[in-house]
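# Results of the structural survey
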Amino acid sequence: MRFEVMCLDDVDGSAVDTTVVDAASVNRIVQQAAAMGQRIYIRPAESSAS
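Parameters and conventions
- Residues numbered from 1 in each chain as written.
- Predicted model: local features only at pLDDT ≥ 70, side-chain atom pairs only at ≥ 80, totals over all residues.
- Heavy atoms only, no water.
- Helix = DSSP H or I, 4+ residues; strand = E, 2+ residues; numbered from the N terminus.
- Rg over C-alpha atoms; globule rule 2.2 N^0.38 Å.
- Buried < 20%, exposed > 50% of the residue type's maximum accessible area, 1.4 Å probe, protein only.
- Contact = heavy atoms within 4.5 Å.
- Lys, Arg positive; Asp, Glu negative; His and termini not counted.
- Charge placed at Lys NZ, Arg CZ, Asp CG, Glu CD.
- Core = buried A, V, L, I, M, F, W, Y, C linked by side-chain atoms within 4.5 Å.
- Salt bridge = Lys/Arg side-chain N within 4 Å of Asp/Glu carboxyl O.
- Pairing = 2+ DSSP bridges.
- Axes fitted to C-alpha atoms, helices over the stretch in contact; angles between N-to-C directions.

This part is about the overall build of the chain. The helix and strand tally for the chain stands at one helix and three strands. Counting from the amino terminus, the chain carries its helices and strands in the arrangement β-β-α-β. Against the globule reference of 10 Å for 50 residues, the chain gives a C-alpha radius of gyration of 11 Å, in line with a compact fold. Taking the principal axes of the C-alpha coordinates as reference, the chain spans close to 30 × 20 × 10 Å. When the 50 residues of the chain are sorted by exposure, 26% land in the buried category. Of the contacts made within the chain by residues no fewer than 6 positions apart, 48% connect residues no fewer than 24 positions apart. For the chain, the distance from the average site of its 4 positive side-chain charges to the average site of its 7 negative ones is 6 Å.

The next thing to look at is the nonpolar core. With five residues, the main nonpolar core is built from Phe3, Val5, Val21, Val26 and Ile29. Among the secondary structure elements, those contributing two or more residues to this core are β1 (2-8) and α1 (23-36). Not counting the four nearest positions on each side in its chain, Val5 is found in contact with Asp17, Thr18, Thr19, Val21, Ile29, Ile40, Tyr41 and Ile42.

Another aspect to go through is the pattern of salt bridges. Any two side chains of opposite charge can pair, given that their charged atoms come close. Counted under the stated rule, the structure contains one salt bridge. Between Glu4 and Arg43 there is a salt bridge; the shortest N-O distance is 2.8 Å. A residue pair is termed long-range when its members are at least 10 positions apart, and Glu4 in strand β1 and Arg43 in strand β3 (residues 40-44) qualify at 39 residues.

As a further point, take the sheet that holds β1. The strand order β2-β1-β3 describes an open sheet built from three strands, whose pairing is antiparallel. For this open sheet the edge positions go to β2 (15-22) and β3, each flanked by a neighbour on one side alone. Strand-to-strand twist of the sheet, defined as the mean angle between neighbouring strand axes without regard to direction, takes the value 20°. Of the strand pairs in this sheet, β1 and β2 are connected by seven bridges, and their pairing is antiparallel. By the bridge assignment for β2, Met6 is matched with Thr18.

Any link to function would need more than the numbers given here.
Have a look at this one:
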């Protein structure tokens, strides 16, 4: 399964960067975001996303 990960702007919460990753990478990304205090949004990627 693949997930879309969006980095969110600290001021207004808009997505400033988006990437699609496999399920194995999600934990690493969450850990990195938590260490940096970065806001992220994760959702299942649509089948057409790459």
